[in-house]
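Topology and contacts: notes
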Amino acid sequence: MYVKRVYAPTVREALAMARDELGPAALVLSTELVPASGWRGWLGQRVVRLTAAAERGLAATPTAASAASRLSEDRTDVPADRQPAAGARAGVIARLVAAGMTRALAEAVAARMSDAECRGNADRGLRRALVAELEGSSAADAAYARYEVFVGPPGVGKTTTIAKIAAQECIAGGQALGLVSADGFSAGAIEQLRGYASVMGMPFRIARTAGEFEQALGTTRHTALVDTAGRSPIDANISALFQVLDRKRSVRTHVVLAADTSAATARRLLDRYAPLRPSRVVITTIAESDSMLPLFDAVRERGLPVSYLTAGQRVPEDLWRATPASLASALLGEPAMEEALCH
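Residues numbered from 1 in each chain as written. Predicted model: local features only at pLDDT ≥ 70, side-chain atom pairs only at ≥ 80, totals over all residues. Heavy atoms only, no water.

Looking only at helices and strands, the protein features 14 helices and eleven strands. The contacts of the protein with a sequence gap of at least 6 include a subset with a gap of at least 24, amounting to 72%. (Helix = DSSP H or I, 4+ residues; strand = E, 2+ residues; numbered from the N terminus. Contact = heavy atoms within 4.5 Å.)

With that out of the way, let us pick up the packing of helix 10 (residues 210–219) against helix 11 (residues 236–246). For any two helices packed against each other, the geometry is given by the interaxial angle and the distance between the axes. At a minimum axis distance of 9 Å, the contact between helix 10 and helix 11 shows a crossing angle of 35°. In this structure, helix 10 meets helix 11 at a crossing whose hand is right-handed. Contact residues: helix 10 offers Ala 210, Phe 213, Glu 214 and Leu 217, while helix 11 offers Ala 240, Leu 241, Val 244 and Leu 245. (Axes fitted to C-alpha atoms, helices over the stretch in contact; angles between N-to-C directions. Left-handed = near helix turned anticlockwise from the far one by under 90°.)

It is worth spelling out the side chain of Asp 227 at this point. Inspection of the secondary structure assignment puts Asp 227 in strand 7 (residues 223–228). Lys 158 provides the closest opposite charge to the buried, salt-bridge-free Asp 227, at an N-O distance of 5.4 Å. A polar contact of 2.6 Å, which involves the side chain of Asp 227, links it to the side chain of Thr 159. The contact partners of Asp 227, leaving out residues within four places of it in the chain, are Phe 150, Lys 158, Thr 159, Ile 162, Val 180, Ser 181, Ala 182, Asp 183, Ala 189 and Leu 193. (Buried < 20%, exposed > 50% of the residue type's maximum accessible area, 1.4 Å probe, protein only. Lys, Arg positive; Asp, Glu negative; His and termini not counted. Salt bridge = Lys/Arg side-chain N within 4 Å of Asp/Glu carboxyl O. Polar contact = N/O pair within 3.5 Å; in protein donor to acceptor, adjacent residues only side chain to side chain.)

Next up on the list: empty space enclosed by the protein. Unfilled space is identified by rolling a water-sized probe across the atoms. A full pass over the atoms with the stated rule returns three cavities of 30 Å³ or more. The volume enclosed by the largest cavity comes to roughly 50 Å³. Forming the walls of the largest cavity are Ala 139, Ala 140, Asp 141, Ala 143, Tyr 144, Glu 148, Arg 252, His 254, Ser 307, Tyr 308 and Arg 321. Those elements that place two or more of their residues in the lining of the largest cavity are strand 8 (251–258) and strand 10 (306–310). (1 Å grid on protein atoms, 1.4 Å probe; cavity = no way out; pocket = protein on both sides within 12 Å on 5 of 7 lines; lining within 4 Å. Points joined across faces, edges and corners; volume = space filled by probe spheres on them.)

Taken across its nine residues, strand 3 (residues 46–54) has eight buried, putting it largely inside the fold. When strand 2 (residues 27–35) meets strand 3, the two strands line up antiparallel, connected through eight bridges. From the neighbouring strand, Thr 31 faces strand 3, where its bridge partner is Leu 50. (Pairing = 2+ DSSP bridges.)

Before going further, it helps to spend a moment on the pairing of strand 9 (residues 280–284). Along any regular strand the residues' side chains alternate between the sheet's two faces. Among the five residues of strand 9, five are classified as buried, and the element is accordingly described as predominantly covered. Of the two faces of strand 9, the one holding Arg 280, Val 282 and Thr 284 and the one holding Val 281 and Ile 283 are both buried throughout. Here strand 8 pairs with strand 9 via five bridges, running parallel. Directly across from Val 255, in strand 9, lies its bridge partner Val 281. Following the backbone out of strand 8, through helix 12 (residues 263–273) and into the adjacent parallel strand 9, one traces a crossover that is right-handed. Two strands pair when backbone bridges link them, and strand 9 and strand 10 are joined in this way by three bridges, in the parallel orientation. Bridge assignment links Val 281 to a residue of strand 10, and that residue is Val 306. In this region the chain leaves strand 9, passes through helix 13 (residues 293–301) and returns to the parallel neighbour strand 10; the handedness of that crossover is right-handed. (Right-handed = clockwise from strand over helix to strand, strands pointing away.)

Further remarks concern a nonpolar patch on the surface. Among the surface-exposed residues, Val 3, Leu 27 and Leu 29 lie close enough to one another that they form a single nonpolar patch of about 290 Å² accessible area. Within the secondary structure, Leu 29 is located in strand 2. (Patch = residues over 30% accessible without salt bridge, like charges linked within 9 Å, V, L, I, M, F, W, Y side chains within 5 Å. Areas by Shrake-Rupley, 256 points an atom, 1.4 Å probe, with all protein chains shown as cover.)

This part covers unusual backbone geometry. Note that the residue after Val 315, namely Pro 316, is joined by a cis bond; omega there is 5°. In this structure, Pro 316 sits in the loop between strand 10 and strand 11 (319–321). In this structure, Ser 250 is a non-glycine residue whose phi angle is positive, near 55°. Here Ser 250 lies in the loop between helix 11 and strand 8. Even without being glycine, Arg 277 reaches a positive phi, approximately 55°.

It is worth spelling out the packing of helix 12 against helix 13 at this point. Relative orientation of the contacting elements helix 12 and helix 13 amounts to 40°, with a least axis distance of 8 Å. In this structure, the crossing between helix 12 and helix 13 has a hand that is right-handed. Across from Ala 263, Ala 266, Arg 267 and Leu 270 in helix 12, the residues of helix 13 making contact are Pro 294, Leu 295, Ala 298, Val 299 and Glu 301. Broken down by class, the residue content of the contact of helix 12 with helix 13 amounts to seven nonpolar, no polar and two charged. (Nonpolar A, V, L, I, M, F, W, Y, C, P; charged D, E, K, R; others polar.)

A word on helix 12. Residues of helix 12 that are buried: Ala 263, Ala 266, Leu 269, Leu 270 and Tyr 273. Seen along its axis, helix 12 keeps its buried residues to an arc of 125°; they face one direction. Where the residues of helix 12 are buried, they touch strand 4 (147–151), strand 8, strand 9 and helix 13. (Arc of directions from axis to C-beta.)

Moving on to the confidence of the model for the protein. With 84% of its residues at a pLDDT of 70 or more, the protein shows a mean pLDDT of 81. Mean pLDDT values over the elements of the protein span from 36, in helix 3 (residues 64–69), up to 96, in strand 9. The low-confidence segment residues 61–83, where pLDDT is below 50, has 33 contacts with residues more than four positions distant or belonging to other chains. (pLDDT = per-residue confidence, 0-100.)

Two modes of strand pairing occur in sheets, parallel and antiparallel, and in both the strands are linked by backbone hydrogen bonds. The strand order across the open sheet formed by eight strands is 6-5-7-4-8-9-10-11, and the pairing between neighbours is mixed. One side of each edge strand has no neighbouring strand; the edge strands of this open sheet are strand 6 (204–206) and strand 11. Across the sheet, the axes of successive neighbouring strands diverge by a mean angle of 20°, strand direction being ignored.

So, in structure tokens, the structure goes:
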């Protein structure tokens, strides 16, 4: 008995290939969807793997045409020694664009890959090139500013992100932090942050007015993580609070955005919060998004590095500093890397 596996985009094509190789009497043993080999698998594409068998004496001898056209058992790509380097690099770019990357980012990643990596569809080469290209988009700062301020639309996870940062610092026995809630419009957010502060033994202050905010910041001896309301900066009450921050030194402002935010919405939100002079972006709930590439491309356009990534609602587990490696994992849809944890 001669057993053969073939790979094709559809069952019909796989069956035709199997009969071409094994003859019309070929017996189909199984069919299943499996990740495509090489780059296609990295980009989420799947192919049909069909296993067929025939008696040795009945197996057909493949013709030259069928041998040239069928897919390999082990890969779906043209052998490296027969694929021109320029064509292979163009193929890499096309696949990355098809996966959702902007052409500019895809070209930058492909330019960092060697000819051999492009021809061989080297998974490690792709990851290495992407990590290198993301160096400028990472802001995984080890040191805190005196005031770490988190702004953004409602419901994106500002309060939970602050709680995760504080909890990881507390568990690691790291730097002492203070929590300040400047969200006077959401009683739920205040109570949530108050509860976390109580459990962790961290100082907690509430500021509903500019005067209270000034006092809260002035009496906080440690680095302050500041939660804000999900309102526009042009709102009179919010504007007054940020006028207080304008008079402070060592202020770092993070815009918090959900991973499934569209590029158009992200640009609009970044425009809205631009008067606050943000220098970082936090991307939340990446596990609940099919792809964070549209959002990332909009953030990259503005030259804003990413400081933190969050995957879900668990405190403190679902938070990572946005190192180049963890950013690459998120963009490629891989599980978050443990070494990218805050501590």
